[in-house]
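# Inside the fold
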Amino acid sequence: MLSHLVVGQTLYFGDSLFYILSFVLLMWIIKIFAWGPVTKMMQDRADKISNDIDSAEKSRTDAASLVEKRQAALSNSRSEAQTIVSDAKSNGQQQRDQIVTQAQADVQTMKQNAQKDIEQERQDALSDARNDVADLSIEIASKIIQRELKADDQKALIDSYIEGLGKQHES
Amino acid sequence: MSDDPVSTFQFLGLTFSTANVVSGLVVFLLVVAIVFFTSRKLAMKPTKGQNFLEWLIDFTNGILKGSIPAGDVGKFGLWGFTLFLFLFLSNEIGLFIQVATRSGATIMRSPTSDPIATLTFSLMTMMIAQFAGVWKLGYKAHFANYMKPFVFWLPISIFEEFTNFLTLGLRIFGVIFSGEMLLGVIWDLAVSHGIVTMIIALPIEMAWQGFSAFLGAIQAFVFVTLSSVYISQKLELEE
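Residues numbered from 1 in each chain as written. Chains lettered and ligands numbered in written order. Predicted model: local features only at pLDDT ≥ 70, side-chain atom pairs only at ≥ 80, totals over all residues. Heavy atoms only, no water.

## Quick word on the pattern of salt bridges
Worth spelling out the cut-off: We define a salt bridge as a side-chain nitrogen of Lys or Arg found within 4 Å of a carboxyl oxygen belonging to Asp or Glu. Helix numbers and strand numbers start at the N terminus; a helix is a DSSP run of H or I with at least 4 residues, a strand a run of E with at least 2. Summary of the burial criterion: residues with accessible area below 20% of their type's maximum are buried, those above 50% are exposed, and those between are partly exposed, where the area comes from a 1.4 Å probe applied to protein chains only.
Evaluated as defined, the whole model comprises eight salt bridges over all chains. Among the salt bridges present, the one from Arg122(A) reaches Glu119(A), with a minimum N-O distance of 3.3 Å. Residue Arg122(A) and its partner Glu119(A) are located together in helix α1 (residues 13–148), separated by three residues, close to a single helical turn. For Arg122(A), a relative accessible area of 46% corresponds to the partly exposed category. Here Glu119(A) falls in the partly exposed class, since its relative accessible area comes to 36%. Taking the shortest distance from any N to any O, the salt bridge between Arg109(B) and Asp114(B) comes out at 3.3 Å. The class for Arg109(B) is buried, based on a relative accessible area of 6%.

## Some remarks on a nonpolar patch on the surface
Filter applied, for reference: Patches here: salt-bridge-free residues with over 30% relative accessible area, like charges joined within 9 Å, nonpolar side chains (Val, Leu, Ile, Met, Phe, Trp, Tyr) joined within 5 Å. Accessible surface is estimated by sampling points in the Shrake-Rupley manner with a 1.4 Å probe; for residues, cover comes only from the protein chains shown.
Taken together, Met147(B), Phe150(B), Val151(B), Phe152(B), Trp153(B), Leu154(B), Ile156(B), Ile158(B) and Phe162(B) make up a surface patch of nonpolar side chains, about 880 Å² in accessible area. As for its position among the elements, Val151(B) is in the loop between α4 (115–144) and α5 (154–190).

## Comments concerning the UniProt feature "transmembrane region" (unreviewed entry) in chain B
Residues and elements named next belong to chain B. Convention followed: UniProt positions are given in the numbering used here, feature names are shortened, and annotations may be inferred rather than shown by experiment.
Here the UniProt-annotated "transmembrane region" (unreviewed entry) positions come out as residues 12–38, 76–97, 117–138, 150–173, 185–204 and 211–231. Between the C-alpha atoms that bound residues 76–97 there is a distance of 31 Å. The span itself is 95% helix and 0% strand. Taken end to end, residues 185–204 is 80% helix and 0% strand, and its first and last C-alpha atoms sit 11 Å apart.

## Things to note about the nonpolar core
Nonpolar side chains in soluble globular proteins generally cluster together in the buried interior. Under the convention used in this document: What makes a nonpolar core is a set of buried Ala, Val, Leu, Ile, Met, Phe, Trp, Tyr and Cys residues whose side-chain atoms join them at distances within 4.5 Å. Working rule for contacts: check all heavy atoms of both residues, and any pair within 4.5 Å makes them a contact.
Grouped together as the largest cluster of nonpolar side chains are 52 residues, with contacts concentrated most on Ile30(A), Val31(B), Phe76(B), Phe81(B), Leu83(B), Phe121(B) and Ile231(B). Elements with a contribution of two residues or more to this core: α1 of chain A together with α1 (18–38), α2 (48–65), α3 (73–96), α4, α5 and α6 (195–235) of chain B. At 12 residues, α3(B) tops the list of elements feeding residues into this core. Setting aside residues no more than four positions away along its own chain, Phe76(B) makes contact with Leu64(B), Ile68(B), Ile128(B), Ala132(B), Ile231(B) and Leu235(B). Listed in part, the six residues of the second largest apolar core include Leu183(B), Ile186(B), Ala190(B) and Trp208(B).

Structural data, given as structure tokens:
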């Protein structure tokens, strides 16, 4: 029917069969070697890219929340540090005051003690000196008396004593 | 060309043209080689060969997407890819390799410069379109499409199938055949008066060869585009 339809060329229908068979075979070979693996790879890549985009979005939000947290922690720690510093300052102030008061009290006590001691020492020294003077004077007196009270003197003394007795009686 | 003796052989009671079988085989092997060597070592990060192959696949898928509904493109992807690659190489190969026996019978040229090859492919497209229509819409809706917009449209619809079949096959044949024929004419000119005409013919030959290469690519593209259009027409219900 079509054999001489086109530009007088003879058509060989065996060729038609040959082309159909070779085309189907070619499709099969391409499917096995290239089409299957390549389209699968392309699909995998598309999936991977969409996954990557999702995970990138996720990590971006994660990073943002982390930054927020860090910011909060930072401001928190700043105020904390401020509290610590002010606490330490007031503590120091308190301690210093305490130490100064303590020192003043100590000094006062020490001063009083010292004065008391000095007074005591003075009293002791005075009484010692008085005793010493008494002893010394007694010693001196006894020494003088011992030397004076020789025989004559004793006699004179006794005499005078007796004379005195006589006078008393007379009166 | 019709005056030249044609080398033929008989097989299983059918007559084969040697030129068609040999050039068909050469193109077949070329396609297999290209596809085979570009698809080695597939990786997530494509290298040279894989890049080329993926570009080609995207390209033919793009042609199909132009007319076939998006949901059905995947089912015709392999067919479109194979068809485009085969036709493209068929169109180009005759521009660079033409072999004839001593008696003048061609045994190697573009397979698409013979109408039997192009009409075979066009017939294949028409059959795929019919099958696709039945597969998508069912027999009733598919054949009801022939009687739209009204019943008397039926003969025109049937006639249209034949004209589609013929124009699709003969368009690509005409372009490739004329391209090769003109190359032959220029060659005749080149050898007619020795070295002088050779020099004159050389730039003409180069220009025509380049133009034919361009036309071959265009024709392969047009063939796949029109095929997908014919298929998509069968995939949807006409109003």
